[in-house]
Amino acid sequence: MTPFAEAAAAKLSRGGRLDPDEALALYEHNDLLLLAALARAAKERQSGRDVYFNVNRHINLTNICAARCPLCAFGRGRDDAGAYVMDREEVVAVARRAADESPDLSEIHMVSALHPDKPFAYYLDIVAAVRATLPGIHIKAFTPVEICHFAAVSGLPIDEVLRALKAAGLGSLPGGGAEVLDDAIRGVICPRKASSAQWTEVVKAAHRLGIPTNASLLYGHIETPRQRIEHLCKLRAIQDETGGFQAFVAFPFHPDNTGLPQLARVGAWEDLKMVAIARLVLDNFAHIKAFWMMLTLPVAQLALAFGADDLDGTVAEEKIIHAAGAKTGTSIAREDIVAIIREAGYVAVERDTFYNSRRVWGTSDNG
Ligand code: SF4
């Protein structure tokens with residue numbers, strides 16, 4: 001190991017905070033097992049042997065998108081084959097069926113494209129209708145990028161968009177659309193969606209209004225390892241200021257059917273390094289997700305040894321990642337998530353959106 005990477009590892013062991021150069025030295029040193037040991041120790045200091053998941057249902061309201069980002073395989077033009085928009089009744093029917101089929105459902109997760117014509121009232125109406133249909137279920141919906149879009153189509157300030165959604169029943173925001181918080185990168189992979197500053201403005205406004213969010217990173221396209229680390233440091237600084245992030249999730253870029261088909265999907269080595277370095281840099285985040293659907297189940301399970309403490313949820317249907325070539329299933333049974341957590345020697349904790357425990361499966365009982 002280089003003396004610098006060694007000093008960074010020693011600093012972590014003393015409970016110190018990595019600066020960008022130290023994080024990069026550890027990352028580029030490429031000792032996967034050292035990263036695993038450091039990240040696992042950091043995870044276990046935060047949440048012991050617990051590993052979380054929830055029973056949720058994704059709903060993607062529309063794929064018709066004004067932005068048409070090169071990174072995306074989901075967005076469509078209005079007249080393209082496969083373009084769709086769900087109306088309120090369809091969304092309510094899906095939500096009701098999800099609750100009927102999964103009595104333990106705790107969260108509806110809605111993210112969509114940036115529809116060029118739908119007014120803000122369409123989204124408010126859907127949130128209110130889902131809230132009225134399933135009053136006990138948490139609604140996590142709309143990335144910060146979608147919130148910027150609602151502000152643009154409605155002419156309302158970000159704060160007012162968020163207040164109106166909260167009043168209609170929205171409980172939290174997912175962290176998508178952050179991609180890499182670097183506008184030169186965004187200019188290539190998603191030139192027409194919210195800038196780094198706008199993404200940041202929305203999450204800070206949400207946190208001020210008592211709306212927690214997640215945070216994300218899309219890696220494995222044109223960004224460098226240093227830009228990944230700088231992105232993590234930006235998230236850490238926001239969290240120092242607001243404390244409003246619940247969890248971080250890193251998404252590997254899937255190139256199929258996107259405008260960047262020349263790129264290859266990074267390998268499991270990189271996936272595991274990303275999980276570990278995120279856990280080490282984001283020392284003020286309680287939870288690091290290994291989203292099984294993005295990573296595949298085997299890699300997500302391995303990620304539990306690299307600092308992840310959350311596998312996301314049962315999902316039940318997902319269109320965005322699969323449009324880009326993800327070969328994972330679109331749902332997983334609760335028993336299967338529990339089994340892979342227990343096989344890794346951890347305690348499976350079924351959680352609500354706020355990480356309150358709803359049910360616990362230990363490592364050796366059936367309970
Ligand atoms: S990433 Fe989002 S904003 Fe960009 S094209 Fe896809 S759906 Fe639209």
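This one's a predicted model, so the numbers in the text were calculated from it and none came from an experiment. (Residues numbered from 1 in each chain as written. Predicted model: local features only at pLDDT ≥ 70, side-chain atom pairs only at ≥ 80, totals over all residues. Heavy atoms only, no water.)

Would you mind going over the environment of Ser172 with me for this structure?
Inspection of the secondary structure assignment puts Ser172 in the loop between helix H7 (158–168) and helix H8 (183–189). Residues Ser172 and Thr213, 41 residues apart in the sequence, show an inter-C-alpha distance of 5.6 Å. If sequence neighbours within four positions are ignored, Ser172 has contacts with His138, Ile139, Lys140, Ala141, Ile211, Pro212 and Thr353. (Helix = DSSP H or I, 4+ residues; strand = E, 2+ residues; numbered from the N terminus. Contact = heavy atoms within 4.5 Å.)

Explanation requested: H7 in the structure shown.
For an α-helix, the turn length of 3.6 residues means that residues three or four places apart are oriented alike. Three or more residues of H7 are buried, namely Ile158, Val161, Leu162, Leu165 and Ala168. For H7, the angular spread of buried residues about the axis comes to 125 degrees, placing them on one side. The positive-phi residue at the C-terminal boundary of H7 is Gly169, with phi of around 130 degrees. (Buried < 20%, exposed > 50% of the residue type's maximum accessible area, 1.4 Å probe, protein only. Arc of directions from axis to C-beta.)

Whenever I open this one, the side chain of His138 confuses me. Can you help?
Relative to the assigned elements, His138 resides in strand E4 (residues 138–141). The buried category is assigned to His138, whose relative accessible area is 12%.

Sorry if this is basic, but what is going on with the UniProt feature "binding site: [4Fe-4S] cluster" (unreviewed entry) in the protein here?
The sites that UniProt annotates as "binding site: [4Fe-4S] cluster" (unreviewed entry) are Cys65, Cys69 and Cys72. Along the chain, Cys65 falls in the loop between strand E2 (56–59) and helix H4 (88–101). Judged by relative accessible area, Cys65 falls into the buried class, the value being 13%. In this view, Cys65 contacts Gly75, Arg76, Ala113, Leu114 and Pro116; residues no more than four positions away in its chain are not counted. Looking at Cys69, the relative accessible area reads 8%, which means it is buried. (UniProt positions renumbered as here; feature names shortened; annotations may be inferred.)

What's the story with the site of the ligand in this structure? I'm lost.
What surrounds the ligand is the set Cys65, Ala67, Arg68, Cys69, Cys72, Ala113, Leu114 and Lys193. Looking at the shell around the ligand, its residues break down into six nonpolar, no polar and two charged. (Near = heavy atom within 4 Å. Nonpolar A, V, L, I, M, F, W, Y, C, P; charged D, E, K, R; others polar.)

What exactly am I supposed to notice about the state of the cysteines here?
Working definition: the covalent bond between the sulfur atoms of two cysteines is a disulfide. Applying the stated criterion to the full structure yields zero disulfides. Cysteine Cys148 is unpaired, with the sulfur of Cys190 as its nearest cysteine sulfur at 12 Å. (Disulfide = S-S within 2.5 Å.)

Sorry if this is basic, but what is going on with the pattern of salt bridges here?
Pairing between side chains of opposite charge can happen when their charged atoms approach one another. Applying the stated criterion across every chain, the model contains 24 salt bridges. Glu89 is the partner of Arg88 in a salt bridge, and the nearest nitrogen-oxygen pair spans 3.2 Å. Judged by its relative accessible area of 34%, Arg88 is partly exposed. The closest approach of N and O atoms between Lys289 and Asp312, which form a salt bridge, is 2.7 Å. One end of the pair, Lys289, is in strand E7 (residues 287–289); the other, Asp312, is in strand E8 (residues 310–313), with 23 residues separating them in the sequence. With a relative accessible area of 5%, Lys289 lands in the buried category. Under the relative-accessibility criterion, Asp312 is labelled buried at 6%. The network of salt bridges with common partners includes Asp104, Arg334, Glu350 and Arg358. (Salt bridge = Lys/Arg side-chain N within 4 Å of Asp/Glu carboxyl O.)

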